[in-house]
Amino acid sequence: NIINSEEKEVYQWGLTLILNDIVTFSLVLLLSALLLHIRFGAEFLIVFCLTRIYCGGYHARKESVCRFTMIVVFLLVLFGACILSDCSRYILLSVLTVSFLVLLPLIPVKHPNKVMTEELKKKGRVRGTLSYLAFAVLSLLFYLFVSKIDAVLIALSLSAVSVLAIIGTFTNERGVNK
């Protein structure tokens, strides 16, 4: 008797979303473990998810499409990081700059299930910008002091957020207009 009967569907939907995230994150971590790169899976999830929370992006209509998209994005980021692991710092800086310039005018990306007041838009823009910049700085610090491949993985994870923000701007807009 803790949950009102009118709110039961909301709680069920919320629980479904949480379980979907757990399954999706577990699949990414399992896949990264099978590829012997579990650290990269964890790094990807942290950077990608924490940035995307504030920036928004593409939202699949089905859970299976969401999972598939996340796995494909992770694999592209991972393989891209492996290929570009010895890139110059200028290439890394270019990737971070272009991704940021693409993302900045889009954030926060509209979502059909979330009404955005002007105050929420401003907060989302500030938080999205700060999260992106914090991870971009972390990428550069990793490049200089820790590991180039980790730096590139972080930069490509941020680029993935930018690409999905572009996709989300077009696909989510149709849902907002409906």
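Above this text sits the structure in question.
Residues numbered from 1 in each chain as written. Predicted model: local features only at pLDDT ≥ 70, side-chain atom pairs only at ≥ 80, totals over all residues. Heavy atoms only, no water.

### Brief notes about helix H1 (residues 8-34)
At step 1: Over its 27 residues, H1 extends 39 Å from the first C-alpha to the last, a length consistent with the 39 Å expected when each residue adds 1.5 Å.
At step 2: Those residues of H1 lying buried are Asn20, Thr24, Val28 and Ser32.
At step 3: Where H1 is buried, its residues contact helix H2 (38-55) and helix H3 (63-83).
At step 4: Positive phi appears at Leu36, one or two residues downstream of H1, with a value of about 65°. (Helix = DSSP H or I, 4+ residues; strand = E, 2+ residues; numbered from the N terminus. Expected span 1.5 Å × (residues − 1). Buried < 20%, exposed > 50% of the residue type's maximum accessible area, 1.4 Å probe, protein only. Contact = heavy atoms within 4.5 Å.)

### A look at the pattern of salt bridges
In a structure, side chains of opposite charge can pair up when their charged atoms sit close to one another.
At step 1: Going through the model one piece at a time under the given rule, you end up with four salt bridges.
At step 2: When the shortest N-O distance is used, the salt bridge between Arg39 and Glu43 registers 3.4 Å. Taken together, the residues span about one helical turn, with Arg39 and Glu43 both in helix H2 at a distance of four residues.
At step 3: Given the relative accessible area of 15%, Glu43 is considered buried.
At step 4: The closest approach of N and O atoms between Lys123 and Glu119, which form a salt bridge, is 3.5 Å. Here Glu119 and Lys123 lie together in helix H5 (residues 118-146), a separation of four residues that amounts to about one turn. (Salt bridge = Lys/Arg side-chain N within 4 Å of Asp/Glu carboxyl O.)

### Some remarks on the side chain of Asn20
At step 1: Within the secondary structure layout, Asn20 lies in helix H1.
At step 2: Once residues lying within four places of it in the same chain are set aside, the contact partners of Asn20 are Glu63, Cys66 and Arg67.

### Observations regarding the packing of helix H4 (residues 89-103) against H5
At step 1: Relative orientation of the contacting elements H4 and H5 amounts to 175°, with a least axis distance of 11 Å. Overall, the two elements H4 and H5 adopt an arrangement that is roughly antiparallel. In contact with Arg89, Leu92, Leu93, Val95, Leu96, Ser99, Phe100 and Leu103 of H4, H5 contributes Thr129, Tyr132, Leu133, Ala136, Ser139, Leu140 and Tyr143.
At step 2: Here the residues of the contact of H4 with H5 sort into eleven nonpolar, three polar and one charged. (Axes fitted to C-alpha atoms, helices over the stretch in contact; angles between N-to-C directions. Parallel < 35°, antiparallel > 145°, perpendicular 65-115°, else oblique. Nonpolar A, V, L, I, M, F, W, Y, C, P; charged D, E, K, R; others polar.)

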